[in-house]
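# Per-entry structural report
Spelled out from the first residue to the last, the chains are:
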There are 2 protein chains.
Amino acid sequence: MKLYGYWRSSAAYRVRIALNFKQLSYENLPVHLVKNGGEQHSAEYKALNPTELVPTLLDNELSLNQSLAIIEYLDQMYPQPRLLPDDAGAKAQVRALALDIACDIHPLNNLRVLQYLTGPLALSEQQKQAWVIHWLEVGFSAFEQRLVACAGKFCVGDDVSLADICLVPQVYNAKRFGLDMTAYPRINGIVEHCQQLAAFALAAPEEQADAQ
Amino acid sequence: MKLYGYWRSSAAYRVRIALNFKQLSYENLPVHLVKNGGEQHSAEYKALNPTELVPTLLDNELSLNQSLAIIEYLDQMYPQPRLLPDDAGAKAQVRALALDIACDIHPLNNLRVLQYLTGPLALSEQQKQAWVIHWLEVGFSAFEQRLVACAGKFCVGDDVSLADICLVPQVYNAKRFGLDMTAYPRINGIVEHCQQLAAFALAAPEEQADAQ
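What comes next concerns the included structure. (Residues numbered from 1 in each chain as written. Chains lettered and ligands numbered in written order. Predicted model: local features only at pLDDT ≥ 70, side-chain atom pairs only at ≥ 80, totals over all residues. Heavy atoms only, no water.)

## Let's talk about the sheet that holds strand 1 (residues 2–5) of chain B
Residues and elements named next belong to chain B. Overall, mixed pairing links the 4 strands, which are arranged 2-1-3-4 in an open sheet. Edge positions in the sheet fall to strand 2 (27–30) and strand 4 (62–65), since each has one partner strand and no second. Shown here is a sheet whose adjacent strand axes are inclined to one another by a mean of 20°, direction ignored. Sheet strands in contact with helix 1 (residues 10–21) are strand 1 and strand 3 (56–59), and its direction is about 155° off that of strand 1. (Pairing = 2+ DSSP bridges. Helix = DSSP H or I, 4+ residues; strand = E, 2+ residues; numbered from the N terminus. Axes fitted to C-alpha atoms, helices over the stretch in contact; angles between N-to-C directions. Contact = heavy atoms within 4.5 Å.)

So, in structure tokens, the structure goes:
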């Protein structure tokens, strides 16, 4: 398999964790999101992935985008160890937590959105920073609250799931923007447990060959 | 089942289509997103769904949020007719298209985001409108391009899937904001096929009891 990604992309980071967790080897193909106006906008990459976003996973002839779709694919093709529980209710809970991050936090603080805020909208760096912190706080407050009902060592019980795979990169991103994490003890505890696992540690942005 | 939703919410609209498609009866419980500062922020609703977003589906004791997680749950519990193909590659394609909308278009034009643009950021109505149109155009251009590889009568082949369920509400939303849809003939054709089905037609915002 080949993974087109970027060391600091939260979405690519998710897929790296999943690949590591399932001990699948892959070739890492960096797409630099900033250099030359963003390599994701090149004709070559657009032909592969018209959304001009990372990641893209190639598995033989199959070209897949969207990190959550890729991880669900990996979980179907390489089911051990599982990233989603079998029970329909528990599975929905894992997916909902993953989507709480993937739909309601991450897209608002994505590079292209921040570029639009300071570009066409001509907002200040301070306004951009306030925007980022606002959506992180709104999202993490709800997430912390939701964990009361389902968390164990990880987001849902004591098994690593797709929810943890979304949470860790989002917390990495939040720390990069200087969010004060003291209000989220459950999130912090889960992230600590995740970081002790090689699958998570080796997927960290700083561990990637294209890290700067 | 009980569905907490709002007639004009794209995410609630998706779940209504899925429930109709599977011929599941449900009680519709409107949460007015604008009245009284937004009923989704009430203590009662927050206790049910800490994200303060619609929809929430109750199935006996199970409380589920996130429209895509809800629809996947329905598809597992009530598998006929299917909304996701069995084949792992085709399933990933359906999910990726659904997520192209649910992660990369819809969250940017959601009510709370538009309220932040004209509230704390004090942007003009014109700037807000340009923001909405920008993300719709970016998203639909890529989506139209991606359909070349997979579309038949519907987004992926000739069967209704989760991708169509995400597309129709997003196009409804785009038309509400006055987006010129002429650049997206494949999207338009698929939406037309969907609208001929009762499951889609009866889920339309204007058909809901709380429509204004």
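## Some remarks on the relation of the copies chain A and chain B
In the superposition of chain A on chain B (RMSD 0.0 Å, axial shift 0.0 Å), the rotation amounts to 180°. Accordingly, the operation relating the two chain copies is best matched by a two-fold axis. It is A:C103 whose C-alpha, among those of chain A, lies nearest the rotation axis, at 2.3 Å. Taken together, the interface assignments show that 100% of the residues at the interface of chain A recur at the interface of chain B, consistent with an identical surface on both copies. (Least-squares fit on C-alpha atoms with pLDDT ≥ 70 in both.)

## A word on the interface of chain A and chain B
Chain A puts 42 residues into the contact, and the matching count from chain B is 42 residues. Here chain A meets chain B over a buried area of about 3,800 Å², counting both sides, of which 68% is carbon and sulfur. For the chain A face of the interface with chain B, the top three residues by lost area are A:Q66, A:R112 and A:Y116, together amounting to 15%. For the pair chain A and chain B, the interface holds 2 salt bridges. Across the pair A:R95 and B:E72 runs a salt bridge, and its minimum N-O distance is 3.5 Å. The interface formed by chain A and chain B contains 18 residue pairs in polar contact (both at pLDDT 80 or more). Only strand 4 (62–65), helix 3 (67–77), helix 4 (88–102), helix 5 (111–118) and helix 6 (125–150) of chain A provide two or more residues apiece to the side of chain A that touches chain B. Residue composition of the side of chain A that touches chain B, grouped by class: 26 nonpolar, 8 polar and 8 charged. (Buried area = accessible area lost by both parts, 1.4 Å probe. Salt bridge = Lys/Arg side-chain N within 4 Å of Asp/Glu carboxyl O. Polar contact = N/O pair within 3.5 Å; in protein donor to acceptor, adjacent residues only side chain to side chain. Nonpolar A, V, L, I, M, F, W, Y, C, P; charged D, E, K, R; others polar.)

## Re helix 7 (residues 162–176) of chain A
Residues and elements named next belong to chain A. Look at helix 7: 22 Å from first C-alpha to last across 15 residues, which is about the 21 Å you get at 1.5 Å a residue. The buried fraction of helix 7 amounts to 13 of the 15 residues, a majority that puts the element mostly inside the structure. Looking one or two residues beyond helix 7, the residue adopting positive phi is G178, at roughly 80°. (Expected span 1.5 Å × (residues − 1). Buried < 20%, exposed > 50% of the residue type's maximum accessible area, 1.4 Å probe, protein only.)

## Things to note about the pairing of strand 4 of chain B
Residues and elements named next belong to chain B. With 4 bridges joining them, strand 3 and strand 4 adopt antiparallel strand pairing. Residue pairing in the sheet places T56 in a bridge with N65 of strand 4. If you look at the hairpin formed by strand 3 and strand 4, you'll find 2 residues sitting between the two strands, and N60 has a positive phi there, around 55°.

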